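Descriptive analysis of the structure
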Amino acid sequence: RGRGFALGGRCGEDSAILRATVSLNRTQSVLVGYAMIGSMFGVYRIEEKLGEGGMGVVYLATDTNLDRKVALKTLLTHAADDEERISRFLREAKAASRLQHPAIVTLYQFGVEGQTQYMAMEFVEGKTLRKIIGSEPMGVNQLLEIAIQIADGLAVAHEKGVINRDLKTENVMVTPRGQGKILDFGLAKLKETAAVSDDQETAFRTEFGMVVGTVSTMSPEQALGKQLDARSDLFSFGVVLYEMATRMQPFRGETTAAVFDFILRRAPASPLRLNPNIPAKLEEIITKSLEKDPRLRYQHASGLLSDLHRLKRDTTSGRSAVTEVAEPGVFDTPRPSGSGFSEALAQ
């Protein structure tokens, strides 16, 4: 039976885990494609393969002890001998284990079964934010509800010493009850000290020159491989807000180099011009989030969250003239097998 690892140990313990996992994973992984469907994996019964990405395979499984559905994320076979990938997998588990919030997917267990490293996570039914947006901007009330949830989740993550580094509409699931959840912390960066510093300039350091993440949602400092702090996530959140408000990505280009150039040197089109139905204050929030100079951006998620709450209050009370964009039937159809939830987790 698989052994669950305690998350949050000292650096020496982490190294020991990594060395043991590298050795353990040198043999062929027992999880290959659909071969596991219907079989047992420790206490988990594999129901279906949901998706596969660069890091792992995600299965829908049933925890037979607790009789609940879980998303079982396993490390891909080709990653078994890659210490960096194993380190990233462990880092994702540690990041998720620090965070308890309705807007963040819950980690149930991390461990090794046979020769396979895995995470058992909350299975979230619904649609990704990207699919909900589709071809139309979101209605303002729905946009603010979800944005407030995600901003609050980011605030908690930053307080706990975690930055996401890959926030995007594809990595946010919305349940049929309207709850937004950040799914993926595969590129998360942890602050390993016990106390989280208030100094946003020095917290959450990452390797100089390393560029990780999704190009179209990167902050300028992330695109340049600079040291990051929590404000980088707030830029990416601004990209998410922009998409929710306009259905368009703010930074586009034919090539990666063109997108980088757009992020570093050019301002995106005015959200209000693309969607006249949004309040002017929402455009101000988005614009401030997308400031290229981090010193001019929101400094903490709490500040952005306060502005979103204030806008929601004013919009609800009628002090903002808002015309809702109708969005009927968002959850009228059943959840398709292999939904965006698994696509995000498998990255």
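That block above? That's the structure.
Here we summarise the structure given alongside this text. Given the structure is predicted, the values throughout are model-derived calculations rather than measurements.

**Regarding the overall build of the protein chain**
The secondary structure content of the protein chain amounts to 11 helices and 12 strands. With 347 residues in all, the protein chain has 53% of them scored as buried. Sequence-distant contacts in the protein chain: of pairs separated by 6 or more residues, those separated by 24 or more amount to 66%. In the structure as shown, the protein chain presents an accessible area of about 14900 Å², 50% of it carried by carbon and sulfur atoms.

**Points about the packing of helix H9 (residues 280-289) against helix H10 (residues 301-316)**
Taken N-terminus to C-terminus, the directions of H9 and H10 make an angle of 170 degrees; their axes are 10 Å apart at the nearest point. Considering their axes alone, H9 and H10 lie roughly antiparallel with respect to each other. When H9 is examined against H10, the residues Lys281, Leu282, Ile285 and Ser289 are found in contact with a partner set consisting of Leu304, Asp307, Leu308 and Leu311. Classifying every residue of the contact of H9 with H10 by side-chain character gives 5 nonpolar, 1 polar and 2 charged.

**Re the side chain of serine 219**
Of note, serine 219 is situated in the loop between strand S12 (189-190) and helix H5 (220-223). Sequence-distant contacts of serine 219, defined by excluding residues within four places in its chain, comprise Leu228, Ser232, Phe235, Ile263 and Arg297.

**Considerations on the nonpolar core**
Core analysis: the largest hydrophobic core is formed by 48 residues, its most contacted members being Leu129, Met138, Leu143, Phe237, Leu241, Met244 and Leu308. Broken down by secondary-structure element, the contributors of at least two residues to this core are helix H3 (129-133), helix H4 (140-159), strand S10 (172-174), helix H6 (230-246), helix H7 (256-265), H9 and H10. Broken down by element, this core gets its largest block of residues, 11 residues, from H4. When sequence neighbours within four positions are dropped, the list of residues in contact with leucine 308 reads Leu144, Ala147, Ile148, Ala151, Phe237 and Ile285. Listed in part, the 14 residues of the second largest apolar core include Leu90, Met121, Met173 and Leu183.

**What about the pattern of salt bridges?**
Per the stated rule, a full pass over the model turns up 13 salt bridges. Of the charged contacts in the structure, one is a salt bridge between arginine 45 and glutamate 47, with a shortest N-O distance of 3.1 Å. By relative accessible area, which is 28% here, glutamate 47 ends up partly exposed. In this structure, arginine 297 engages glutamate 221 in a salt bridge whose closest nitrogen and oxygen atoms are separated by 2.8 Å. Note that arginine 297 is positioned in the loop between H9 and H10 and glutamate 221 in helix H5, a separation of 76 residues in sequence. On the basis of relative accessibility, which here comes to 2%, the residue arginine 297 falls in the buried class.

Rules used throughout
- Residues numbered from 1 in each chain as written.
- Predicted model: local features only at pLDDT ≥ 70, side-chain atom pairs only at ≥ 80, totals over all residues.
- Heavy atoms only, no water.
- Helix = DSSP H or I, 4+ residues; strand = E, 2+ residues; numbered from the N terminus.
- Buried < 20%, exposed > 50% of the residue type's maximum accessible area, 1.4 Å probe, protein only.
- Contact = heavy atoms within 4.5 Å.
- Areas by Shrake-Rupley, 256 points an atom, 1.4 Å probe, with all protein chains shown as cover.
- Axes fitted to C-alpha atoms, helices over the stretch in contact; angles between N-to-C directions.
- Parallel < 35°, antiparallel > 145°, perpendicular 65-115°, else oblique.
- Nonpolar A, V, L, I, M, F, W, Y, C, P; charged D, E, K, R; others polar.
- Core = buried A, V, L, I, M, F, W, Y, C linked by side-chain atoms within 4.5 Å.
- Salt bridge = Lys/Arg side-chain N within 4 Å of Asp/Glu carboxyl O.

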